[in-house]
Amino acid sequence: MRRAGRLAAATLAMIAPLVREGATTRALDAACEAFIRDHGALPAPLGYQGYPFATCMSPNEVVCHGMPDDRPLAAGDLLKIDITVELAGWHGDCCRTFAVGEIDARRQLLMEVSEAALAAGVAAVRPGGRLSAIGRAVQELVEAAGFSVVRSYCGHGIGR
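Everything numeric here is computed off the predicted structure, so don't read it as measured data.

K.L.:
Would you mind showing me how to read the pairing of strand β4 (residues 90-99) here?
P.N.:
On a regular strand, each side chain points to the face opposite its neighbour's, so the side chains alternate between the two faces of the sheet. Here 10 bridges tie strand β3 (residues 78-87) to β4, and the two strands are oriented antiparallel to one another. Across the sheet, the residue bridging to E86 is H91, located in β4. Adjacent in sequence and paired antiparallel, β3 and β4 are bridged by 2 residues, among which A88 carries a positive phi angle near 55°.

Dropping the structure here:
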C-alpha cells in the first residue's frame, strides 16, 4: 500500500509542471496514465463502472471526480487532480489542487485554508480515535475561514 501511495504522489509531482495555461485536462490525464503504466501500475479509475479516464480532473467549482476534457486551462483557474493507482493489488489515492498562473486573493486563501485543514485533520488522528474527530477538526477550521465543507463526497480508497 505504501508503494502504491508513493506512486500516486509521484504522479502528482510529475504532472505539476505540465499544469499551465493552455493545457487540457484530457492531455494531463494521458500524461498521468502513461506515467502510471510506465511504473508498472494501473490507473484504478480507468474502466471502473465504465469510467473512461485514468484520473479525475476537477477545474474551479467542480468539487471532485470531474472528467477530463478538451477545454484549455486559463490563467486564474484552480485544478484538482485526483490520482488512484493500483500496484501489485494495492491501491493508493491522493489529490492535489494546482493554481494555473496567477490566482486571485480569494482562491489563494482557499488553497491556504485547504492545506491548513489537511494538517488539522492529520493532527486529529489518534489510535482508537473516531473518524468524526478528523471531520470536526477540518470543518471547524474551514468554516472559521468563511468557507464550507462538502459532505456528500469521499475518496476512492486505499488498500486492496
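Structure shown, so let's carry the discussion forward.
K.L.:
Mind showing me how you'd approach helix α4 (residues 131-144) here?
P.N.:
Quick reminder: α-helices carry 3.6 residues per turn. Residues three or four places apart thus point the same way. Compared with an ideal rise of 1.5 Å per residue, which puts 14 residues at 20 Å, α4 spans 20 Å between its outermost C-alpha atoms and is within 8% of the ideal. Among the residues trailing α4, G146 stands out with phi positive, at a value near 90°.

K.L.:
Please clarify how the packing of aromatic side chains should be interpreted in this entry.
P.N.:
Any pair of aromatic rings gets described here by the distance separating the centres and the angle formed by the planes. Tallied over the full model, the rule gives 1 aromatic pair. Ring centres of Y51 and F53 lie 5.8 Å apart, and the angle between their planes is 70°; on these two criteria the pair is classed as edge-to-face. The residues Y51 and F53 share a single accessibility class, namely buried.

K.L.:
Would you explain the pattern of salt bridges in this entry?
P.N.:
Side-chain pairs of opposite charge can arise whenever the charged atoms involved come near each other. By the definition in use, this model includes 4 salt bridges. Between E33 and R37 there is a salt bridge, and its shortest N-O distance comes to 2.9 Å. Remark: R37 and E33 occur in helix α2 (residues 25-38); sequence separation between them is 4 residues, near one turn of the helix. Between R71 and D77 there is a salt bridge whose closest N-O contact spans 3.4 Å. Relative accessible area serves as the criterion here: at 33%, R71 is assigned to the partly exposed category.

K.L.:
Is there a simple way to think about the pairing of β3 in this case?
P.N.:
In terms of residue burial, β3 counts as a mostly covered element, since 9 of its 10 residues are buried. Sheet topology note: the strand β1 (residues 42-43)/β3 ladder contains 2 bridges and is antiparallel. Note that in β3 the partner of P43 across the bridge is V85. As paired strands, strand β2 (residues 56-59) and β3 are joined by 4 bridges and run antiparallel to one another. Of the residues in β3, the one forming a bridge with C56 is D82.

What counts, and at which threshold
Residues numbered from 1 in each chain as written. Predicted model: local features only at pLDDT ≥ 70, side-chain atom pairs only at ≥ 80, totals over all residues. Heavy atoms only, no water. Pairing = 2+ DSSP bridges. Helix = DSSP H or I, 4+ residues; strand = E, 2+ residues; numbered from the N terminus. Expected span 1.5 Å × (residues − 1). Phe/Tyr/Trp six-rings, centres within 6.5 Å; stacked < 30°, edge-to-face > 60°. Buried < 20%, exposed > 50% of the residue type's maximum accessible area, 1.4 Å probe, protein only. Salt bridge = Lys/Arg side-chain N within 4 Å of Asp/Glu carboxyl O.

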